[in-house]
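# What the coordinates show
As a plain string of letters, each chain reads:
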Amino acid sequence: MIQVEELAQALKGTRKPVVLYVGPKSIYAQAHIPGAEYIGPVSRPEGMEKLRPRAASLAKDNPVVIYCGCCPWDHCPNVRPAYAELKKAGFTSVRVLYLETSFGTDWKDKGLPLAAGE
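In this report, we go over the structure that sits alongside the text. (Residues numbered from 1 in each chain as written. Predicted model: local features only at pLDDT ≥ 70, side-chain atom pairs only at ≥ 80, totals over all residues. Heavy atoms only, no water.)

## Examining the packing of aromatic side chains
Counted under the stated rule, the structure contains seven aromatic pairs. Each ring, one from Phe103 and one from Trp107, has its centre 6.2 Å from the other, and the planes form 15 degrees; the classification is stacked. A relative accessible area of 4% means that Phe103 is categorised as buried. Using a relative accessible area of 0% as the deciding quantity, one classes Trp107 as buried. An aromatic cluster is present here, built from Tyr21, Tyr28, Tyr38, Tyr67, Phe103 and Trp107 joined pairwise through their rings. Directly above the ring of Trp73 sits Arg80, whose terminal nitrogen or CZ lies 5.1 Å from the centroid. (Phe/Tyr/Trp six-rings, centres within 6.5 Å; stacked < 30°, edge-to-face > 60°. Buried < 20%, exposed > 50% of the residue type's maximum accessible area, 1.4 Å probe, protein only. Lys NZ or Arg CZ within 6 Å of the ring centre and 35° of its normal.)

Okay, here's the thing in structure tokens:
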């Protein structure tokens, strides 16, 4: 896992991680982490089908952060399958952004950087 403050700092650095959003499009369109790529809910086959080729285009040691934030952490249907898929693909530096309550509460409400739209 990676905490929100740690990710916010990493995004200011020279070796920024690839950030993949693995949740619903409606949430991504409203607000997301700047530079995050929309993959879609990986709990659905079409989301997983989009994750696999994107992962294949990255170096296995490239830092990757995945996040959703659609619901409380312990109920999220998307982050665990995305993490498992990336680990199975051989990624050595993949982390999941810990959003305990939701993206709105744990990132947006803290005043961290936001982007909107598709």
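Here the narrative resumes.
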